[in-house]
Amino acid sequence: MTAAKQWSSEAIDVALEAQGIALAPKRAERLAAGQQSLLDASAADPLRPALEFDADPPGFMLALVRCKARSPSK
Amino acid sequence: MNDPAALSLAQAAQAVHAGKIAPHELLQACRKRIEQWQPRINAFVSLEEHPPHQKEGPLAGVPLAHKDMFYRAGKVSNCGSKILRGFVVRETSAALERLDSAGAIQLGTLNMSEFAYGPTGHNEHWGDCRNPWNPDHITGGSSSGSGAAVAARLVYGALGSDTGGSVRLPAAACGVSGLKTTWGRVSRHGAMPLSHSLDTIGPLARSAEDCALLLAAIAGHDPRDPVSSREPVEDYIEAIKRPTRGLRVALSSAWIERETEPEVAAAVLAATRAFQFRIEVEPPDFDTLSAQCLVVMQSEASAQHARWMRERPGDYSSAVRVRLEAGYAIPATTYLEVLRLRAAWLERFCSTTLADADLYLVPAISARIPTREQTGPRGGPDMPNLLASLTRLTRWVNYLGVPGLVIPCGFDSRGMPIGLQLVGRPFAEATLLAAGHAFQRETDWHQRVPA
């Protein structure tokens, strides 16, 4: 699974301008390539298709406790 | 007693406790080392002594110094930046309060990457921190001064922060021990934030035993940090004395041989022989986990810096500005989906990689330590790959929120340190420290000092 090809340099310029972030000339081009490959890598996450509907970010704190160390082997 | 600067933190604390040495002798030894080394390595940003609030305690009279992002009321925290140069803070950080209560002396503040957002130790505002083993090479970052100062024996230990490897990279590059703690184990109150879902605080010191002493002082719940854990704190000092003969260590030897530079692979695989029970496992999906860590880190860091990025972008170094710009091009839905996936990844790591093991062993850095020039503003076309190789084996640990201990395990043919990394389940700091301590009882890599 890959992310939609949303990051052209024009799209980056518009998105950042909308957030009040000014880019140096030609920077958007490099940023578009880099961020598209990061978003592709993220979207290719093999656990993504099975992500539970009710999984939420704070659930991670409970997972930390659930997975905590058992006593090390003696 | 010979040079007191040669003592470990544990030995120094014990010597003070037993009345065999006075705190001022430790201070004098550290000051002498600082005078010698500071012009060569630029580890300190400020030298200002903060005597302890009390003279008793497990760290009584032991000189430490910390990354310049741990706030002390009424004092300056520059956070490695131009933007916060001269920033006087109002509150003392929880970690410093706890070290004060343990009797430690703070000798000053240490160099760091700008806003803790860089893996090499370059800093155009405060000068690069330089590696004591060879000043042409990077210290690793972002806790660059912490790694360099401990390696050069300028202080007995230091605090760092770790969001994507910032404690473990300088520990590996400078040949010291460094512990990335479980997310929530140490309060981040009063420490400069970078990425709230990933930020952790941990010690860098001369040995795993020294890290245990520092962690014992700073770990524990703090209501002022909203993600501070209420999990009970183990007795780390007792824990490192546990027998570790039965400890089961998972590793992926074939992956290490295939994916890391030969000298790194050789040193790390040789080190694994110190652990009796080794289990070969499939490696975690480092690259996916690393990408997910980067999505979280970029999104949160860019949100944290949004006002300054709008109002004074020219006051950032170009390297940090470029990293921050990237975060504004991550959709909110992607960021939140990556956070929703985090628990599933943690459960997978614990139920597969660690199914039959107590910890997972992997190199800290897959390549030999590069030079400052190779990774700096004038770095060649290989620079992006070099930078990626630095954090490839550290970021995944932050995404999982688990603890990771880096200890030295050898030197490459150029005399630069090589570090191995032990990664455990959440809150398994005691197991990691016990394993590290056992390794260091059998080896002397951690006792080597740069000339």
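Given the structure is predicted, the values throughout are model-derived calculations rather than measurements.

A. Spotlight on helix H3 (residues 94-101) of chain B. Every buried residue belonging to H3 of chain B is among Ala94, Ala95, Leu96, Leu99 and Asp100 of chain B, and all of these are buried. Positive backbone phi, at 95 degrees, marks Gly103 of chain B, one or two positions downstream of H3 of chain B.

B. Looking closely at the interface of chain B and chain A. At the junction of the two partners, chain B supplies 54 residues and chain A supplies 41 residues. In this assembly, chain B packs against chain A so that about 3900 Å² is buried in total across both faces, 62% of it on carbon and sulfur atoms. Counting across the chain B and chain A interface gives four salt bridges. We note a salt bridge from Glu347 of chain B to Arg66 of chain A, for which the minimum N-O separation is 2.3 Å. Across the chain B-chain A interface, the total number found is 16 residue pairs in polar contact (both at pLDDT 80 or more). Counting residues per element, the ones that place at least two in the side of chain B that touches chain A are helix H10 (286-304), helix H11 (306-311), helix H12 (318-327), helix H13 (332-353) and helix H16 (395-400) of chain B. With 15 residues, the top contributor of residues to the side of chain B that touches chain A is H13 of chain B. Considering only residue class, the side of chain B that touches chain A consists of 31 nonpolar, eight polar and 15 charged.

C. How the structure looks around the packing of aromatic side chains. Residue and element names in this part refer to chain B. Applying the stated criterion across every chain yields a total of eleven aromatic pairs over all chains. Ring centres of Tyr71 and Phe87 lie 6.0 Å apart, and the angle between their planes is 85 degrees; this geometry places the pair in the edge-to-face category. Linking Tyr71 in the loop between strand S2 (63-67) and H3 with Phe87 in the loop between S2 and H3, this pair joins segments that are 16 residues apart in sequence. In this structure Tyr71 comes out as buried when scored by relative accessible area, which is 16%. On the numbers, 6.1 Å between centres and 85 degrees between planes, the contact of Tyr360 with Trp396 is edge-to-face. Highlighted residues: Tyr360 in strand S9 (residues 359-363) and Trp396 in helix H16, separated in sequence by 36 residues. There is no split in this pair, since Tyr360 and Trp396 are both buried. Clustering of aromatic rings is evident, with ring pairs tying together Trp255, Phe286, Phe349, Tyr360 and Trp396.

D. Broad picture of the side chain of Ser177 of chain B. Residue and element names in this part refer to chain B. Within the element layout of this structure, Ser177 appears in strand S5 (residues 177-180). Within the structure, Ser177 has its side chain in polar contact with the side chain of Gln440 (distance 3.1 Å). Leaving out residues up to four positions away in the same chain, Ser177 has contacts with Ala171, Pro203, Leu204, Ala205, Arg206, Ser207, Ala208, Cys211, Val406, Ile407, Pro408 and Gln440.

E. View of the layout of surface pockets. Residue and element names in this part refer to chain B. Here the second largest pocket defines a volume of roughly 520 Å³. Among the elements of the structure, helix H1 (9-17), helix H2 (23-41) and helix H6 (208-218) are those that each provide at least two residues to the lining of the second largest pocket. Here the lining of the second largest pocket takes six residues from H1, the largest share from any one element.

F. Looking closely at the side chain of Arg130 of chain B. For Arg130 of chain B, the position within the fold is in the loop between strand S3 (105-110) and helix H4 (144-151). Buried and unpaired, Arg130 of chain B has no salt bridge, with Asp128 of chain B as the nearest side chain of opposite charge at 6.5 Å.

G. View of a negative patch on the surface. Residue and element names in this part refer to chain A. Among the surface-exposed residues, Glu10, Asp13, Glu17 and Glu29 lie close enough to one another that they form a single negatively charged patch. The element best represented in the negative patch is helix H1 (residues 9-18), accounting for three residues. Tracing the sequence through the fold places Glu10 in helix H1. Residue Glu10 is classed as exposed on the basis of its relative accessible area of 54%.

H. Just unusual backbone geometry, in detail. Residues and elements named next belong to chain B. Of note, the amide linkage connecting Gly141 to Ser142 takes the cis form, showing an omega dihedral of 15 degrees. With respect to the secondary-structure elements, Ser142 resides in the loop between S3 and H4. Residues other than glycine seldom take positive phi values, yet Phe115 does so here, at roughly 50 degrees. Residue Phe115 is classed as buried on the basis of its relative accessible area of 2%. Look at Phe427: it is not a glycine, yet its phi comes out positive at around 65 degrees.

I. Molecular detail of the nonpolar core. The biggest cluster of nonpolar side chains holds 172 residues, and the ones touching the most others in it are Trp396, Leu422 and Leu433 of chain B. Leaving out residues up to four positions away in the same chain, Leu433 of chain B has contacts with Leu179, Ala208, Cys211, Ala212, Leu215, Tyr236, Ile240 and Leu405 of chain B.

J. Structural detail: the pairing of strand S11 (residues 417-423) of chain B. All names here are of chain B. In terms of burial, S11 is a largely internal element, seven of the seven residues being buried. Sheet topology places S9 next to S11; four bridges connect them, and they run antiparallel. In the strand pairing of S11, Pro363 is matched with Leu420. Between the end of strand S10 (residues 404-411) and the start of S11, which pair antiparallel, lie five residues, with Gly415 showing a positive phi angle near 85 degrees.

Reading the values: the criteria
- Residues numbered from 1 in each chain as written.
- Chains lettered and ligands numbered in written order.
- Predicted model: local features only at pLDDT ≥ 70, side-chain atom pairs only at ≥ 80, totals over all residues.
- Heavy atoms only, no water.
- Buried < 20%, exposed > 50% of the residue type's maximum accessible area, 1.4 Å probe, protein only.
- Helix = DSSP H or I, 4+ residues; strand = E, 2+ residues; numbered from the N terminus.
- Contact = heavy atoms within 4.5 Å.
- Buried area = accessible area lost by both parts, 1.4 Å probe.
- Salt bridge = Lys/Arg side-chain N within 4 Å of Asp/Glu carboxyl O.
- Polar contact = N/O pair within 3.5 Å; in protein donor to acceptor, adjacent residues only side chain to side chain.
- Nonpolar A, V, L, I, M, F, W, Y, C, P; charged D, E, K, R; others polar.
- Phe/Tyr/Trp six-rings, centres within 6.5 Å; stacked < 30°, edge-to-face > 60°.
- 1 Å grid on protein atoms, 1.4 Å probe; cavity = no way out; pocket = protein on both sides within 12 Å on 5 of 7 lines; lining within 4 Å.
- Points joined across faces, edges and corners; volume = space filled by probe spheres on them.
- Lys, Arg positive; Asp, Glu negative; His and termini not counted.
- Patch = residues over 30% accessible without salt bridge, like charges linked within 9 Å, V, L, I, M, F, W, Y side chains within 5 Å.
- Areas by Shrake-Rupley, 256 points an atom, 1.4 Å probe, with all protein chains shown as cover.
- Charge placed at Lys NZ, Arg CZ, Asp CG, Glu CD.
- Core = buried A, V, L, I, M, F, W, Y, C linked by side-chain atoms within 4.5 Å.
- Pairing = 2+ DSSP bridges.

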